[in-house]
Amino acid sequence: MPGPLTLGQIAARLGGRVAGDPTTTVRQVGSLEQALAGEITFFSSPRYQAKLAQTHASAVVLAPESEALTALPRIVCDAPYLYFARLSQLFNPLTVQPEGVHPSAVVSPGARLGARVSIGAGCVIGDEVSIGDDSCLYPRVVVYAKCSLGKRVIVHSGAVIGADGFGLAQDEASRWVKIPQIGGVRIGDDVEIGANTTIDRGAMDDTIIEEGVKLDNQIQIGHNVRIGAHTAMAGCAGVAGSADIGRHCTIGGAAVILGHLTLADHVHISAATVISRSIRRPGTYTGVFPFDDHESWTRNTALVRRLADLAERLRVLERKEKKSG
Amino acid sequence: MPGPLTLGQIAARLGGRVAGDPTTTVRQVGSLEQALAGEITFFSSPRYQAKLAQTHASAVVLAPESEALTALPRIVCDAPYLYFARLSQLFNPLTVQPEGVHPSAVVSPGARLGARVSIGAGCVIGDEVSIGDDSCLYPRVVVYAKCSLGKRVIVHSGAVIGADGFGLAQDEASRWVKIPQIGGVRIGDDVEIGANTTIDRGAMDDTIIEEGVKLDNQIQIGHNVRIGAHTAMAGCAGVAGSADIGRHCTIGGAAVILGHLTLADHVHISAATVISRSIRRPGTYTGVFPFDDHESWTRNTALVRRLADLAERLRVLERKEKKSG
Amino acid sequence: MPGPLTLGQIAARLGGRVAGDPTTTVRQVGSLEQALAGEITFFSSPRYQAKLAQTHASAVVLAPESEALTALPRIVCDAPYLYFARLSQLFNPLTVQPEGVHPSAVVSPGARLGARVSIGAGCVIGDEVSIGDDSCLYPRVVVYAKCSLGKRVIVHSGAVIGADGFGLAQDEASRWVKIPQIGGVRIGDDVEIGANTTIDRGAMDDTIIEEGVKLDNQIQIGHNVRIGAHTAMAGCAGVAGSADIGRHCTIGGAAVILGHLTLADHVHISAATVISRSIRRPGTYTGVFPFDDHESWTRNTALVRRLADLAERLRVLERKEKKSG
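Asker: I keep staring at the overall build of chain A and nothing clicks. Help me out?
Answerer: Of the regular secondary structure elements, chain A holds five helices and 37 strands. Here the C-alpha radius of gyration of chain A, 26 Å, is well above what a compact globule of 325 residues would show, namely 20 Å. The dimensions of chain A, computed from C-alpha atoms along their principal axes, are 80 × 70 × 35 Å. Taking all 325 residues of chain A together, 60% fall into the buried category. The averaged location of the 32 negative side-chain charges in chain A is 6 Å from the averaged location of its 32 positive side-chain charges.

Listed below in structure tokens is the structure:
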């Protein structure tokens with residue numbers, strides 16, 4: 001990582017226009033509230049204007065329309081948040097674990113590790129696993145046999161890749177008979193997988209996570225799911241078996257996608273929404289029961305279970321009104 | 001595992017009737033879409049008829065009513081999915097980890113392991129734990145002290161059995177006082193537990209998972225829960241403390257069962273449904289807020305919070321209509 | 001831990017009044033149903049009166065209004081459940097793992113461990129981590145670099161503290177650009193963290209869990225969240241990034257708190273409720289779609305999506321009625 005940079009040097013690398021002193025030197029990024037002198041922050045929304053006025057940062061990244069809101073040295077650019085992401089990458093590594101295999105990790109002799117791969121303490125890498133160049137597995141990741149990870153994949157602690165899918169048939173006595181899960185998991189390049197997330201191996205074919213997908217913590221991906229490239233899913237989301245999610249989708253936290261559904265590309269699911277049928281058109285979809293103070297909720301929610309009755313009574317009134325009208 | 005088998009040999013072992021050449025040889029199972037020559041697939045639903053027509057499999061398992069849909073060699077049987085499960089077990093082991101204790105596992109000297117038990121890398125088995133014959137714990141499972149697992153139990157990576165239940169009392173200053181959790185966890189024979197699932201030890205008595213129960217990934221079972229035999233729960237479901245779930249139930253993914261409830265045998269809870277009171281009768285129960293495009297949802301959901309008002313206005317109209325009618 | 005105690009000795013230590021023979025000796029706590037002779041149980045609710053009549057316990061802790069319900073030797077006190085928690089602590093340790101670092105744990109040389117800290121098998125403690133006196137980490141906990149835990153903190157197996165927050169910007173081609181997560185996690189004294197719970201490090205500033213907070217299993221805490229002192233969250237709850245939760249709150253199981261919200265002190269969120277806007281006033285808040293038998297649900301839920309239409313039809317009727325009335 002480079003040491004301090006001037007705003008001029010930053011703009012030369014990342015673009016944008018410097019307003020104010022281009023020799024201003026910064027050595028790290030910081031938040032509006034807690035940035036110290038020598039740090040550079042960013043301003044993305046007018047609702048943080050009061051915080052901008054009080055920041056101790058030495059410089060700010062902001063959009064042209066906000067340029068006049070501060071007298072601090074600043075970098076003006078069209079997409080301040082994206083700019084800031086790249087700027088932070090100048091000062092900070094994307095992963096913080098040294099390359100190589102930690103001595104406490106258990107890597108099967110039949111696994112293939114690419115160049116500069118980092119395998120953290122306590123990881124367990126099964127037979128015939130392949131992991132692409134520059135990937136980083138933080139401590140205590142398990143990859144079951146016959147799964148593959150692309151290049152530059154980041155996997156956080158506690159994630160489990162390739163455990164058996166939940167495949168069961170019922171016998172004559174209603175006992176469950178396990179269906180061996182003989183597919184694998186294929187994970188593309190530039191995927192990130194959060195802590196304690198689980199991705200099941202396929203029943204027969206593979207479970208597929210395409211390139212650029214970002215999965216937050218504690219996500220559950222069932223067997224034979226496909227997640228299209230550059231889709232992002234927030235924490236605690238769950239995807240049931242054989243769901244097929246398109247590219248460039250976003251799935252909100254704790255959302256649930258039922259099995260055997262198809263979501264088109266560019267579909268956006270709000271947090272905590274349950275998707276129970278396929279979605280063929282791009283757009284934003286939501287289904288959350290609104291919260292209320294407990295007493296109001298009790299009153300209103302009882303009526304949800306009587307909606308069919310209310311609708312029928314309304315219909316009766318309409319009919320009478322029509323007759324008499 | 002056996003090598004290739006003819007359809008005739010398979011039918012001799014598992015039953016069913018061969019239609020077409022009984023000397024057809026298969027060596028593995030495969031999906032309709034991706035099976036190769038030499039593999040046997042299954043056909044379970046008319047909606048996959050186009051896939052059946054295009055499959056490269058060498059043989060198919062199907063029901064009598066579908067027998068005429070293909071000219072491929074086939075095994076005709078009443079429950080093709082169950083048949084296929086057993087067929088797949090002929091070609092594939094139920095667990096893929098060699099027996100014995102991996103050198104990196106930490107097994108307390110006070111633990112008792114049955115015959116042919118397999119303990120994967122990084123597992124931690126506490127004191128006075130007992131694990132029955134032929135059980136398989138995949139890497140990085142933790143079993144706290146004084147828990148017992150039956151025979152043929154499969155536990156996937158990251159599962160935690162016997163952590164403290166969430167037992168707290170509040171003191172005079174509204175601080176939490178921990179209640180020691182001195183019960184254990186008792187798990188019956190033929191139970192399977194998914195990756196990163198957690199099953200808490202009891203507060204005083206034990207938490208009980210009866211024989212044949214199947215738990216998918218990332219399920220949370222609170223202290224003193226009892227799950228009746230042959231019940232299956234899909235991923236991300238949660239069961240709060242002291243709930244008593246019957247036998248042969250199915251609990252959908254991400255469903256939530258609140259504490260101190262009783263569910264009768266043969267109760268089926270749909271995915272993402274919250275069960276807030278006991279259910280005494282077998283049946284299927286559902287409670288999911290329907291998703292919609294975001295704008296429609298916004299419009300309709302606002303009215304949910306005004307349902308009591310709508311119902312009152314309807315009542316007023318009905319009263320007036322009655323008077324005037 | 002002490003051996004057997006008489007009721008008189010217990011009352012001398014913990015308060016309360018003994019009714020019946022104060023020399024009655026007990027050596028452990030037990031439930032109403034399963035307590036054996038020599039054990040002491042507690043009675044907290046009239047609905048367990050039948051169980052009280054049948055208990056084999058040698059003594060009971062109960063409130064003054066229940067004193068007459070049993071002839072057993074008893075300790076009468078105002079808050080029996082709290083009393084019982086403290087009583088159980090007399091007989092049972094709060095944590096059951098010996099102090100010291102298990103040889104299979106990987107503790108960075110740059111980590112600082114307080115006095116009497118217990119680090120279980122397979123734990124991984126990163127660089128510049130500090131852990132306060134008397135804290136106990138059960139097996140397979142990961143603490144990423146630069147996180148701090150206070151005194152008497154208990155962390156259960158599989159928990160991951162300090163993995164990267166989910167910080168992403170989108171580039172011109174709608175690919176995700178990772179924002180380095182350079183904040184830490186600060187955890188106060190007397191916090192307990194459940195199995196497989198994940199607490200992300202901050203994007204720039206720290207994620208903060210204040211003293212006395214109790215987190216159950218499989219909870220997800222996003223980056224830059226603050227959880228106020230003495231708040232308790234039940235299993236499977238999720239808190240999205242930058243949410244600010246007050247002191248002395250309770251968050252029910254599987255509840256979801258969206259990001260960038262503020263919850264006042266003493267707010268209580270019911271299980272499985274989704275909080276989508278800030279709550280400024282203490283109170284109890286709920287938002288759960290009521291479950292029903294599947295057929296009723298199907299009928300009623302279809303109408304939820306037509307509520308705006310129903311409301312409009314009601315309005316039309318009201319208008320007509322007014323005109324004609």
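Asker: I keep staring at the sheet that holds strand E4 (residues 28-29) of chain C and nothing clicks. Help me out?
Answerer: Across a sheet, strands are paired by hydrogen bonds formed along the backbone, either parallel or antiparallel in direction. All names here are of chain C. Strands sit in the order E2-E7-E6-E5-E4 across an open sheet of five strands; the sheet is mixed. Only two strands of the sheet have a single partner each, and these edge strands are strand E2 (17-19) and E4. Alignment of E2 against strand E7 (residues 74-76), held across three bridges, turns out to be antiparallel. When the bridges of E7 are listed, Val-18 appears paired with Ile-75.

Asker: Explain the domain arrangement of chain A to me, please; I cannot follow it from the model alone.
Answerer: Accessible area lost during the coming together of the parts is what is often quoted as the interface size. As assigned here, chain A comprises domain 1 (5-91) and domain 2 (294-324). Each of domain 1 of chain A and domain 2 of chain A was reduced to a C-alpha centroid, and the two centroids are 56 Å apart.

Asker: So what exactly am I meant to see when it comes to the pairing of strand E36 (residues 283-286) of chain B here?
Answerer: A regular strand places its side chains on the two faces of the sheet in alternate fashion. Relative to E36 of chain B, strand E34 (residues 267-269) of chain B runs parallel, the two being bridged by three bridges. By the bridge assignment, His-268 of chain B is partnered in E36 of chain B with Thr-284 of chain B. Alignment of E36 of chain B against strand E37 (residues 292-293) of chain C, held across two bridges, turns out to be antiparallel. Bridge pairing links Thr-286 of chain B to Asp-292 of chain C in E37 of chain C.

Asker: In this structure, what is going on with empty space enclosed by the protein? I would like to understand it.
Answerer: Applying the stated criterion across every chain, the model contains nine cavities of 30 Å³ or more. The volume enclosed by the largest cavity comes to roughly 100 Å³. Around the largest cavity, the lining residues are Leu-307, Leu-310, Ala-311 and Leu-314 of chain A, Leu-307, Leu-310, Ala-311 and Leu-314 of chain B together with Leu-307, Leu-310, Ala-311 and Leu-314 of chain C. At the level of secondary structure, the elements contributing two or more residues to the lining of the largest cavity comprise helix H5 (307-324) of chain A, helix H5 (307-324) of chain B together with helix H5 (307-324) of chain C. Split into classes, the residues belonging to the lining of the largest cavity amount to twelve nonpolar, no polar and no charged. Put simply, the second largest cavity is a space of about 60 Å³. Around the second largest cavity, the lining residues are Asp-164, Gly-165, Phe-166, Gly-167, Leu-168 and Lys-178 of chain B together with His-156, Glu-192, Gly-194, Leu-215, Asp-216 and Asn-217 of chain C. Here the residues of the lining of the second largest cavity are counted per class, giving three nonpolar, five polar and four charged.

Asker: Before we go on, may I ask you to explain the relation of the copies chain A and chain B in this structure?
Answerer: The two chain copies are related to each other by a rotation about an axis together with a translation along it. When chain A is fitted to chain B, the best match, at an RMSD of 0.0 Å, comes from turning it 120° and sliding it 0.0 Å along the axis. Such values leave the two copies arranged in the relation of a three-fold axis. Across chain A, the smallest distance between a C-alpha and the rotation axis is recorded for Phe-289 of chain A, namely 3.5 Å.

Asker: Quick question: what am I supposed to make of the interface of chain A and chain C here?
Answerer: In this complex, chain A contributes 68 residues to the contact, which on the side of chain C involves 66 residues. Summing both sides of the interface, chain A and chain C together bury roughly 5,500 Å²; the carbon and sulfur share of this comes to 64%. The largest per-residue losses of area from chain A upon contact with chain C belong to Arg-140, Phe-291 and Arg-305 of chain A, which jointly make up 15% of the total buried on that side. Remark: the boundary between chain A and chain C carries five salt bridges. Glu-172 of chain C is the partner of Arg-86 of chain A in a salt bridge, and the nearest nitrogen-oxygen pair spans 3.4 Å. Where chain A packs against chain C, one counts 26 residue pairs in polar contact (both at pLDDT 80 or more). If you list the elements that add at least two residues to the side of chain A that touches chain C, you get strand E4 (28-29), helix H3 (80-91), strand E25 (214-215), strand E28 (232-233), strand E37 (292-293), helix H4 (294-304) and H5 of chain A. At eight residues, H5 of chain A tops the list of elements feeding residues into the side of chain A that touches chain C. Residue composition of the side of chain A that touches chain C, by class: 33 nonpolar, 21 polar and 14 charged.

About the cut-offs
- Residues numbered from 1 in each chain as written.
- Chains lettered and ligands numbered in written order.
- Predicted model: local features only at pLDDT ≥ 70, side-chain atom pairs only at ≥ 80, totals over all residues.
- Heavy atoms only, no water.
- Helix = DSSP H or I, 4+ residues; strand = E, 2+ residues; numbered from the N terminus.
- Rg over C-alpha atoms; globule rule 2.2 N^0.38 Å.
- Buried < 20%, exposed > 50% of the residue type's maximum accessible area, 1.4 Å probe, protein only.
- Lys, Arg positive; Asp, Glu negative; His and termini not counted.
- Charge placed at Lys NZ, Arg CZ, Asp CG, Glu CD.
- Pairing = 2+ DSSP bridges.
- Domains from an automatic or database assignment.
- 1 Å grid on protein atoms, 1.4 Å probe; cavity = no way out; pocket = protein on both sides within 12 Å on 5 of 7 lines; lining within 4 Å.
- Points joined across faces, edges and corners; volume = space filled by probe spheres on them.
- Nonpolar A, V, L, I, M, F, W, Y, C, P; charged D, E, K, R; others polar.
- Least-squares fit on C-alpha atoms with pLDDT ≥ 70 in both.
- Contact = heavy atoms within 4.5 Å.
- Buried area = accessible area lost by both parts, 1.4 Å probe.
- Salt bridge = Lys/Arg side-chain N within 4 Å of Asp/Glu carboxyl O.
- Polar contact = N/O pair within 3.5 Å; in protein donor to acceptor, adjacent residues only side chain to side chain.

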